[in-house]
Each structure stands twice: as structure tokens, then as C-alpha cells.
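Read off the chains here:
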Amino acid sequence: MINIVVLTPAFYAKHVSDSEILCKQQRPYLTLIIEAFGKKFADPFRTNAHKPKKRKGVPQSVYFFGSSGSSELSNEQKVPALDFCKAVVIVDEDVGLPASIDKREFQELNSNYTRIVEMFKRYYEFYIASKDDANLKDLPEIKYSALQYFV
């Protein structure tokens, strides 16, 4: 089941000093809940995500929406996306109100949900294997991941 929510203010208050966790006071990030590896993750939707460089052996850290009408990169090389690097580990108490996304993006999410979950799992496994590896820990996908506060 696809579950899109905002996280509670209490979650953000607990992590106020964790600079890689995305937080906006006026308009909270919508997040997709993904359950994997015995954990619950909240993966934020971003309206203007940077397209990361492709690197051999590094799994894609972002799922880009092509159906939003914004599938073309902007002048700043940004598109709507789910940003796996900014996923956080949550518990049930961190889940706030249900949320909705653009109808076309939801249809795309629904059609690709299994693929998106598998992409996230590959990213997570890569993160776990790389975070302490001297040759990989400085990759942006590792160094700036919000997962550093949870695993």
C-alpha cells in the first residue's frame, strides 16, 4: 500500500541539529513510507532535486518523476523526485497527517512502486556497505545522507 504522509513536528524537534534532514517550517516535506530491512523509512518528495552524476557501481540515489509535466531538467538541472539520500528512519509516532501528491505523479508512483522500493533497497545496502569505506564515504550519496543519524 502506498502511504504518503508528513512527519510530526516532534520528529523534527528531536532532529533539529541533524543538518542533512530536510525540514521546512512553513510547508513540511511530503514523504513516502517504505518498509524494508525491518525498518520504516520516510523518503521525501522533492520538487527540485539535482540530478546526481552517474558513477559506475553506485546505485541511483534518486527516483525522478517523468509524468509531472516537469520531466525536462530546469536550467538548474533539477526535476521532481524522491530523494533516497534524504530518507530517514522513523517509528509510528513520527508519522503525521496523510498527504497527497499530484495526480500524474501518484499514477506514476503507483505504476512503479515495486521498482522504487527496489531502487531504495539497493541505495540503502550501498549506503550501509560504503559509509565506513575510505574510498566511498566521501561520495555525495554517502557523505550527505540523512541516514547517517540512524544507522
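Residues numbered from 1 in each chain as written. Predicted model: local features only at pLDDT ≥ 70, side-chain atom pairs only at ≥ 80, totals over all residues. Heavy atoms only, no water.

**Q** Can you break down the overall build of the protein chain residue by residue, with the values?
**A** Along the protein chain, the regular secondary structure elements total three helices and seven strands. Along the protein chain, from the amino end to the carboxyl end, the secondary structure elements read β-α-β-β-β-β-β-β-α-α. Across the protein chain, contacts joining residues at least 24 apart in sequence account for 69% of those joining residues at least 6 apart. Accessible surface for the protein chain amounts to roughly 8700 Å². Of this, 49% is attributable to carbon and sulfur atoms. (Helix = DSSP H or I, 4+ residues; strand = E, 2+ residues; numbered from the N terminus. Contact = heavy atoms within 4.5 Å. Areas by Shrake-Rupley, 256 points an atom, 1.4 Å probe, with all protein chains shown as cover.)

**Q** So, the pattern of salt bridges: which residues are in play, and what are the values?
**A** Per the counting criterion, the structure on display carries seven salt bridges. Among the ionic pairs, Lys14 bridges to Asp94, the shortest N-O distance being 3.1 Å. Within this pair, whereas Lys14 is found in helix H1 (residues 9-14), its partner Asp94 is found in the loop between strand E6 (88-90) and strand E7 (95-98), the two being separated by 80 residues in sequence. Here Asp132 ties to Lys131 by a salt bridge, and the two come within 3.8 Å at their closest N and O atoms. (Salt bridge = Lys/Arg side-chain N within 4 Å of Asp/Glu carboxyl O.)

**Q** Tell me about the environment of Leu32, and please be specific about residues and values.
**A** Tracing the chain through its elements places Leu32 in strand E2 (residues 30-36). Non-local contacts of Leu32, meaning those with residues more than four positions away in its chain, are made with Ile2, Asn3, Ile4, Phe41, Ala42, Asp43, Phe45, Leu82, Leu109, Tyr113 and Ile116.

**Q** An account of unusual backbone geometry is requested, with residue identities and associated values reported.
**A** For Phe37, which is not glycine, the phi torsion reads 55 degrees and is therefore positive. Phe37 sits in the partly exposed class, given a relative accessible area of 38%. (Buried < 20%, exposed > 50% of the residue type's maximum accessible area, 1.4 Å probe, protein only.)

**Q** Account for the nonpolar core, with residues named and values stated.
**A** Note on soluble globular proteins: their nonpolar side chains tend to be buried together. Leu32, Phe45, Leu82, Phe84 and Leu109 are the most contacted members of the largest nonpolar core, which has 29 residues in total. Of all the secondary-structure elements, those providing two or more residues to this core are E2, strand E3 (39-50) and helix H2 (103-130). With ten residues, H2 is the single largest residue contributor to this core. Apart from the residues lying within four places of it in its own chain, the contact partners of Leu109 are Ile2, Ile4, Leu32, Phe45, Phe65, Leu82, Ile101 and Ile116. Counting ten residues, the second-largest nonpolar core is a separate cluster that includes Val5, Tyr12, Ile21 and Ile33. (Core = buried A, V, L, I, M, F, W, Y, C linked by side-chain atoms within 4.5 Å.)

**Q** Kindly report on the pairing of strand E1 (residues 4-7), identifying the contributing residues and their values.
**A** Here E1 shows no split at all, with Ile4 and Val6 on one side and Val5 and Leu7 on the other all buried. Judged from the three bridges that link them, E1 and E2 form a sheet pairing that is antiparallel. The residue of E2 that forms the bridge with Val6 is Leu30. When E1 meets E7, the two strands line up antiparallel, connected through two bridges. By the bridge assignment, Val5 is partnered in E7 with Pro98. (Pairing = 2+ DSSP bridges.)

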